[in-house]
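Okay, here's what each chain looks like letter by letter:
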Amino acid sequence: MHQAEKQHGHPPAHTPTSGRLTRLVFLLILPLFLAGCGGGSSDGGTATTTVTGTASKGPISGAEIHLYVAYLDGGISGDPVAGPITTNADGTWNAEVADDLPRPLVVVATGGTYVDEATGATVDLDGRSLRSYLPAGATTAAVTPLTELLVQMTQEEIANGVDVAIEDALANAQVTLASVLGIDFDPLTTQPLAIEAAGDGDRDQRTYTAILAGLSELANGLDPNADPFDLVAALMEDLSDGLIDGQKNGEPVAVGETTLLTLDPNLDGGDLVTAINDAITGEDGFEDLSFTDDGNGNLVVTPLYAVGGTVSGLAGSGLVLQNNNTDDLTITDNGDFRFATYLAEGEAYSITVLTQPSNLSQACAVTGGAGTLGAADLTTVTVACTTDSFTVGGTVTGLTEDGLILRNGTDEVTLNSGATAFTFPTAVTDGDAYNVTIASQPANDLLCVVDNASGTLAGADVTAVAVDCTRLGIGAITGGTGVIGTLTGQIDGNTITLTITPDAGYAILDVTAYLTADPGTTCTVT
């Protein structure tokens with residue numbers, strides 16, 4: 001990290017070959033030629049490519065972006081070929097870059113402010129810069145502390161070698177950084193996000209975002225009173241030798257412009273792992289990543305994958321699934337489901353039903369729920385639910401004749417003399433209604449009535465329906481002076497005929513029929 005637009009005007013100390021001199025002259029005059037041609041404007045007919053970028057340590061707002069042709073030492077050469085471009089509040093920017101410019105270009109972000117992920121404080125870069133390279137063919141660019149580190153490492157290798165090309169030195173730097181941080185993406189072209197927006201990006205972007213946030217967390221833990229940007233810069237210098245140990249090639253690493261404050265020489269990869277995990281705890285979008293260390297000071301980033309599938313037929317409530325006898329997941333609707341805990345490639349999964357639905361009572365079965373996870377989200381597990389069915393029945397008392405027929409919907413059951421209980425042959429789906437009626441009364445003037453005849457299935461067999469049978473016989477009709485007549489009854493199927501015969505001297509003046517046995521029966525007086 002360096003002061004803005006610092007020009008590298010001195011070639012390496014060794015004597016360049018004539019080919020390198022030719023290249024040097026070309027690089028130096030090319031920016032002037034482009035400036036004269038309009039730098040990719042339509043007037044000059046120069047083809048351009050739109051480059052979209054992000055400046056981040058969290059997102060840097062208000063930074064000035066310039067792009068330069070790279071000098072042989074890996075620094076900048078001549079005037080900017082694009083810029084100034086001011087970054088947006090989320091750190092993003094875009095530029096038109098002439099297609100005939102030699103790559104990589106050097107991208108410099110100067111000034112601006114960002115919100116420190118560890119403290120929430122706004123950090124003013126106050127003229128300080130971050131650099132990056134725009135490789136050949138790239139249309140996206142990132143400018144971050146990691147890209148600044150890559151530029152520094154590239155320049156160091158060029159300075160310490162003989163005829164080392166920028167591309168070769170950069171490739172070596174990327175290998176070193178990938179080993180230390182356990183990453184397999186290109187920090188130069190992958191664009192990190194604000195930590196609260198990590199879920200909007202892909203896994204590489206989330207990894208990048210987590211590492212940058214972890215650096216802030218680690219810096220704050222080292223010294224909360226020091227400048228957070230200077231501390232992150234010092235951590236980058238520590239990383240430049242391929243180790244996280246608070247030193248660079250065995251020497252203390254200074255923080256900022258003074259040597260009075262240096263990094264803790266007892267730092268190791270475990271400290272960065274802890275800082276990253278602290279930074280992303282409680283943040284959405286990082287479920288598919290695991291950050292550990294290999295015991296040798298290197299970060300290990302393991303991609304994790306979702307375990308889930310689809311649920312169908314669910315009509316009840318309270319369904320709970322489990323994976324590997326833990327990670328309980330309550331399911332409320334049909335459709336896709338996913339467990340909260342992600343698994344790594346090669347880990348076993350076993351999805352089971354912990355609690356079956358109730359209200360309605362259902363049985364849910366899992367298909368494809370056990371196996372070993374591959375390198376992709378698991379979405380093929382199916383959970384199919386069917387609603388349980390229950391029987392409708394009850395008790396019978398007083399049945400001394402044959403031929404009683406009970407009905408529930410279209411389902412019938414015939415009961416003969418001596419029966420004390422009944423169950424309809426067809427079960428009823430939970431939640432459906434039932435209504436037991438007399439389809440046919442028994443023989444010989446036996447009258448049966450039904451109590452608790454109707455209701456709704458509620459997760460259990462119905463056994464409370466009660467059928468009570470009583471014989472109709474001859475009875476006396478009494479009045480104020482004693483017996484004044486007789487009552488006889490006869491049942492023909494479902495028709496009950498009651499006959500009143502008054503004694504001599506009495507006459508029937510009025511009859512009112514009262515029905516107490518079955519509210520569904522109609523009485524007619526003749």
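For the structure itself, look to the data block above.
Okay, so let's go over this structure. (Residues numbered from 1 in each chain as written. Predicted model: local features only at pLDDT ≥ 70, side-chain atom pairs only at ≥ 80, totals over all residues. Heavy atoms only, no water.)

### Considerations on the overall build of the protein chain
Scanning the protein chain from terminus to terminus reveals six helices and 36 strands. In the protein chain, which comprises 526 residues, the share counted as buried stands at 42%. A fraction of 61% describes how many contacts in the protein chain between residues 6 or more apart in sequence connect residues 24 or more apart. Entry remark: accessible area of the protein chain is about 24900 Å², with carbon and sulfur atoms responsible for 49%. (Helix = DSSP H or I, 4+ residues; strand = E, 2+ residues; numbered from the N terminus. Buried < 20%, exposed > 50% of the residue type's maximum accessible area, 1.4 Å probe, protein only. Contact = heavy atoms within 4.5 Å. Areas by Shrake-Rupley, 256 points an atom, 1.4 Å probe, with all protein chains shown as cover.)

### Points about the state of the cysteines
Within this structure, the stated rule accounts for two disulfides. Residue pairing for Cys-364: its cysteine sulfur links by disulfide to Cys-385, the two sulfurs lying 2.0 Å apart. Judged by the sign of its S-S torsion, about 110 degrees, the cystine formed by Cys-364 and Cys-385 is right-handed. Of this pair, Cys-364 sits in strand β21 (residues 362–367) while Cys-385 sits in strand β23 (residues 378–387), and the two are 21 residues apart along the sequence. (Disulfide = S-S within 2.5 Å.)

### Quick word on unusual backbone geometry
Cis geometry marks the peptide bond from Gly-83 to Pro-84; its omega dihedral reads 5 degrees. Residue placement: Pro-84 occurs in strand β4 (residues 76–86). Omega for the peptide link from Arg-103 to Pro-104 comes to 0 degrees, which places this bond in the cis form. Positive phi, normally seen in glycine, also occurs at Asn-324, with a value near 55 degrees. If you trace the backbone, Asn-324 turns up in the loop between β16 (319–323) and β17 (326–331). Among the residues examined, Asn-324 registers a relative accessible area of 34% and is labelled partly exposed.

### Quick word on the packing of helix α2 (residues 145–160) against helix α4 (residues 203–222)
At a minimum axis separation of 10 Å, α2 and α4 run at an interaxial angle of 85 degrees. If you check the angle between α2 and α4, you find them roughly perpendicular. Residues Pro-145, Leu-146 and Thr-147 of α2 touch α4, and the partners they reach there are Tyr-208, Ile-211, Leu-212 and Leu-215. (Axes fitted to C-alpha atoms, helices over the stretch in contact; angles between N-to-C directions. Parallel < 35°, antiparallel > 145°, perpendicular 65-115°, else oblique.)

### Observations regarding the environment of Pro-252
Structurally, Pro-252 is set in strand β12 (residues 251–252). On the basis of relative accessible area, Pro-252 is assigned to the exposed category, the value being 58%. Separated by 10 residues in the primary sequence, Pro-252 and Thr-262 have C-alpha atoms spaced 6.2 Å apart.

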